[in-house]
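Architecture and fold: a report
Read off the chains here:
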Amino acid sequence: MENIYLTIVLAPLLGSIVAGFFGGRIGRAGAHWVTILGVGLSCLLSLYVLKGFVDGSLPVFDGAVYTWMVSGGIQFEIGFLVDQLTALMMAVVTFVSLMVHIYTIGYMADDEHNWPKGSLAGKNSYQRFFSYISLFTFSMLMLVMSNNFLQLFFGWEAVGLVSYLLIGFWSVRETAIFANLKAFLVNRVGDFGFILGIAAVAMYFHSLDYREVFALAPQLANVQIQVWGDTSWSLMTTIGVLLFIGAMGKSAQVPLHVWLPDSMEGPTPISALIHAATMVTAGIFMVARMSPLYELSETALSFIMVIGATTAFFMGLIGLVQNDIKRVVAYSTLSQLGYMITALGASAYAAGIFHLMTHAFFKALLFLAAGSVIIAMHHDQDIRNMGGLRKYLPITWITFLLGSLALIGFPGFSGFFSKDAIIEAVHLSQVGGSGYASILLTLGVFVTALYSFRLYFLVFHGQERMDEHTRHHLHETPAVVWVPLVLLAIPSVFIGWLSVEAVLFGDWFKGVILVAPHHDVLAQMGAGYHGQAGFVLHGMLALPFWLAMGGLALAWYIYMVNPAIAAYLMVRFGTLYRILDGKYGFDQMNMALFAGGSRGLGKLFWKTGDQQLIDGTLINGSAQGVGWIAERLRTIQTGYLYHYAIAMILGLVVLLTVFVTF
Amino acid sequence: MQSAIPVLSLSIWLPIIGGLFVLASGDKVPGISRWTALGFSILTFLISLLLWTGFESDTAQMQFVEHATWIPGINAWYYLGVDGISMPLIVLTTFITILVVIAGWEVIQYKPSQYLAAFLMMEGVMIGVFSALDAVLFYVFWEAMLIPMFIIIGVWGGPNRVYATIKFFLYTFFGSVFMLVALIYMYFKSGSYSILDFQQLPLSLTEQVWIFLAFLAAFAVKVPMWPVHTWLPDAHVEAPTGGSVILAAIMLKIGGYGFLRFSLPITPDASATLDWLIIAMSLIAVVYIGFVALVQQDMKKLIAYSSIAHMGFVTLGFFIVFAIFNRPEAVGGAVLGMAGGMVQMVSHGFISAAMFLCVGVLYDRLHSREISTYGGVIHTMPVFGALMVFFAMANAGLPGTSGFVGEFMVILASFQADFWYAFLAATTLILGAAYTLWMVKRVVYGPVTSDQVAGLRDANGRELLVLGTLAVAVVALGVWPEPLVEVMDASIQHLAQHIAVSKLAAAPAAVAALP
């Protein structure tokens, strides 16, 4: 079995290496074939593994591949843990990745136009892109299949690296290379907390192996650690919060969310793969994986819940005022990640992971469909220039509609099951902050429907606002682009119905995700669960459904029936609009406070500390001091014999006096 | 353990003799001196590999020992030997020297034979420092090291080289005279110049503190630690590329090595008493210097400051051990911290060498080290650009590269000493990435900014060979550090046990025995 798991991980890496190092030699087709074969193999084997877990024929695998190092009594291993949670993640990651690989053939076909004439970096950019997305798949698989914190951190940072390379892929654009640096640094802020969390685990558990750490966790539940003087923190809360800071970076939670909207500077396929379906879900996966630790700290759970709910609602609001098609979807991603995080805070880990899965499909679909629109619009991303596209892009239109319905949680669609479960679970939760979270998540449903269908109506319906030239060239995108859309639309619609029972209320995660009995809100919900149809009916009677319909209707009214009202609202609620348009000022604050502040501090330390104090005063100062003394002393060296004779006699007298008196 | 063939003597004297040959070959036909230098450096590397292959990693005993009469009058011996701490550093030295010889191949046009000879002699002397077990011998090598570097910077350096060389020489010489006094004092106490005898010598706390401070003056300047670091940026900026590489990759390590060989084992109680000082200096190096690096406009200065910050991790890893000893719940952190410092030294040897070589590649083309001269290099030098991004990532401590391993170990260990040590040390994750990648953004990425950049030619085969070799080393150590950690382990465990035992219990009797 180990060989299969190794193949799953290494096939994309191999593809990436071949396409990256020999891209010039194997050409475009060679590059996309080798990477697609690698990821395709990975995907097939992952589905095989998933099937093995579904029918119970595969046991949980936990084994080391090699010993990274042994030091200080800790065995640092590289190894795999494959259980139901991993199998699910592997299938989602490799499937979405495969779709993105195929789609990229179409999307990046004309990439040479994005590079300045004569740029050597643009020569094999197509091959390089495939190399990167395959490398990303490898990194993500390393992350989800790890059986220890070291490898988790490796994958964690490696996806950050690939994200950096891909956001800045068009490295000639200033905005792109600003965005990728920003993304990397903000992620590093999260990793700063994450590595401290790992250090805490290493110190108190003497191991980085999941199995050993989880086994020991209950014994350490009440340990307090001294932090400053007499202040002490609960060990589990400290570890939980520190690790979660890492998750806030990767999964873009307030206030570390700022990198995600900017990451839209990268080519659209990676927005789908990295910034919607997989990398950003690393944080959610990590918290679910660490459930045996998080269950021991209610404080950490509360923290998670409040952060998640804040992100879910307030980031969704920003989506209402965006005009770039990708940015609307990006803010929707932030908001949906907030939902998943909130679910984790409510100890409904399964619901968080379930939403992660459904969201991966429909969000990848929405991004790729948006990319299809962007191709058709000749890389114009402004929705104010679109409208009425359904006539020209029928497949994109239908798939986008299906994705949107899944996103707003229309009954029966995949997103309905996962989102309803989260809202219900948070409603039942007793953890501190659940009241706040419950209200925000419920209102968030309305916001989600409003921005989703604002986007949908503005793009696919109404007046055709593009210029004549663009309209003339509008046509459905090629098959490599729309086939992945269709393949993603299928799970976006059905996966919820098919898997809700097993994942949420069945024993899929039994023994994998640990929930303390008094936190187990999903079990309470499970008591009232009677099949999918019942779930749907129950959902249609509840408030969130009507809020979603309200949002949809309002979007229809504003953007289809009475477009003037949008402009009126913008003026009427000018302050609110400006706050949302300014994204609550996070970017300005970060630029002024952190970027500007660091540079100021650096200048201060350099000019005042190094140059004036150390070099000016101490070093050159002491050199000058020596010079000054020498300058004075040389006047004594007169060269006259009688001066020296006098000095000798005086000295003799002084010495004699000293000897006589003492 | 006496060895059959004198591997250490060969490693020391072969390059020095080679240097004389190169010097004698002159500059009429530069090819001769180049190929001779390359031949000797490769031969030395191969011989030093014998140290690795013949090394017994399950003992902390000195190996490949050579013991011969040298100056009987003062009881100074020609006494050589290596353990798991010095052996990797010797192999690192011979490895980097080959790359430096290749890197200077066509670049150095002015008196190339003397340039290459200086590096070969430098190599022998540095290996001498790492393998000397007699304090006089150590001191001779230690001071001899200054001469070739002084010449390298002074002759092949930049416009402000005179200021830089004087500063470099006085700074380091100032530190080492105190060390000499300490060594002589211990000779009078023990009647021996053997460093291993010094390690067993009982000393009172007052004596230890003075000796510790004397060593600190020598080693802190070499590392360099804040606040005696300001010679380094100047020396780097003026030094030719090869000089910067040797300086950063090897010479700085001698300071770190000194702490492990002298300060910690000879004065363990003073180290325990004054560990707060070293920890504070190390953390300032990580944080303060990180900010300073951020605002540098000169690439070499930026990398020089980054070196200081990375070396802060080394000294931090070495001196958190006492705080860890005081915490019963912390197990194994002492070894982890010291091993982390060692790994960081080796890794920094690769990465800083590579970073300076990258700047050298650009400097050779446009004769500017200013960040603002460049921009969009990736469009004209895609292969070089990719390598530079890779090394930048390694410098920022990306897992999978060697830069991560040492930092990771030290952060884990410093958490066991004190949460806030780890907190401050971990800021390097943000600061290191910020200053390195911001430079990369301005130099490598973006649109082509000038006609000069537009006319750049990608790295040639010689440059790719050097950088590619280093890239392989960086990845290998990052993916599998166990071979390196394993050879060091016994020596470091032995050191940790040694310094855990106070010397003070035995000291009063020794004091009474003095006349």
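Above this text sits the structure in question.
Residues numbered from 1 in each chain as written. Chains lettered and ligands numbered in written order. Predicted model: local features only at pLDDT ≥ 70, side-chain atom pairs only at ≥ 80, totals over all residues. Heavy atoms only, no water.

This part covers the interface of chain B and chain A. Frequently, the measure chosen for interface size is the accessible area removed from exposure when the parts meet. Opposite the 66 residues of chain B that make contact, chain A presents 61 residues. The contact between chain B and chain A buries some 5600 Å² in all, and 74% of this surface belongs to carbon and sulfur atoms. The interface formed by chain B and chain A contains one salt bridge. Asp615 of chain A serves as the salt-bridge partner of Lys167 of chain B, at 2.6 Å between the closest nitrogen and oxygen. Run the count over chain B and chain A and you get 17 residue pairs in polar contact (both at pLDDT 80 or more). (Contact = heavy atoms within 4.5 Å. Buried area = accessible area lost by both parts, 1.4 Å probe. Salt bridge = Lys/Arg side-chain N within 4 Å of Asp/Glu carboxyl O. Polar contact = N/O pair within 3.5 Å; in protein donor to acceptor, adjacent residues only side chain to side chain.)

A few words on the pairing of strand E1 (residues 63-71) of chain B. Residue and element names in this part refer to chain B. Pairing analysis gives six bridges linking E1 to strand E2 (residues 76-82), with the strands arranged antiparallel. Within E2, the position partnered with Gln63 by the bridge is Val82. The hairpin formed by E1 and E2 contains four residues between the paired strands, and Asn75 there has a positive phi angle of roughly 60°. (Pairing = 2+ DSSP bridges. Helix = DSSP H or I, 4+ residues; strand = E, 2+ residues; numbered from the N terminus.)

Residues and elements named next belong to chain B. Its location among the elements puts Lys189 in helix H7 (residues 161-190). Assessed through its relative accessible area of 17%, Lys189 is described here as buried. In terms of polar contacts, Lys189 uses its side chain to reach the side chain of Glu207, at 2.8 Å. (Buried < 20%, exposed > 50% of the residue type's maximum accessible area, 1.4 Å probe, protein only.)

Turning to the packing of aromatic side chains, a few remarks are in order. The tally for this structure, following the rule as stated, stands at 72 aromatic pairs over all chains. Each ring, one from Phe505 of chain A and one from Phe535 of chain A, has its centre 6.3 Å from the other, and the planes form 55°; the classification is tilted. Of this pair, Phe505 of chain A sits in helix H20 (residues 479-505) while Phe535 of chain A sits in helix H22 (residues 531-541), and the two are 30 residues apart along the sequence. Given a relative accessible area of 12%, Phe535 of chain A falls into the buried group. An angle of 40° between the planes, with centres 5.9 Å apart, marks the rings of Phe219 of chain B and Phe262 of chain B as tilted. Remark: Phe262 of chain B occurs in helix H11 (residues 241-266) and Phe219 of chain B occurs in helix H9 (residues 205-222); sequence separation between them is 43 residues. Grouped by ring-pair contacts, the aromatic residues Phe138, Trp142, Phe212, Phe215, Phe219, Phe259, Phe262 and Phe319 of chain B constitute a single cluster. The residue whose ring lies beneath Arg28 of chain A is Tyr126 of chain A, and the NZ or CZ to ring-centre distance is 4.3 Å. The ring of Tyr339 of chain A carries the charged tip of Lys419 of chain A above its face, separated from the ring centre by 5.2 Å. (Phe/Tyr/Trp six-rings, centres within 6.5 Å; stacked < 30°, edge-to-face > 60°. Lys NZ or Arg CZ within 6 Å of the ring centre and 35° of its normal.)

Before going further, it helps to examine the environment of Ser125 of chain A. Residue and element names in this part refer to chain A. On the secondary structure map, Ser125 appears in helix H4 (residues 125-145). Separated by 45 residues in the primary sequence, Ser125 and Trp170 place their C-alpha atoms 9.0 Å from one another. When residues no more than four places from it in sequence are discounted, the contact partners of Ser125 are Asp111, Trp115 and Phe169. Engagement of the side chain of Ser125 in a polar contact is seen with the side chain of Asp111, the distance being 2.5 Å.

Before going further, it helps to examine the pattern of salt bridges. Within the structure shown, the criterion is met by 21 salt bridges over all chains. In this structure, Asp262 of chain A engages Lys182 of chain A in a salt bridge whose closest nitrogen and oxygen atoms are separated by 2.9 Å. Residue Asp262 of chain A is found in helix H9 (residues 259-262), and its partner Lys182 of chain A is found in helix H6 (residues 174-205); the two are separated by 80 residues along the sequence. Lys182 of chain A carries the same exposure label as Asp262 of chain A, and that label is buried. For Arg365 of chain B, the salt bridge identified is with Glu463 of chain B, shortest N-O distance 2.9 Å. Placement of the pair is Arg365 of chain B in helix H16 (residues 333-366) and Glu463 of chain B in helix H23 (residues 461-479), with a sequence separation of 98 residues. Classification of Arg365 of chain B by relative accessible area gives partly exposed; the value is 23%. Taken together, the salt bridges that share partners define one network made up of Lys182, Asp262, Arg327 and Asp587 of chain A.

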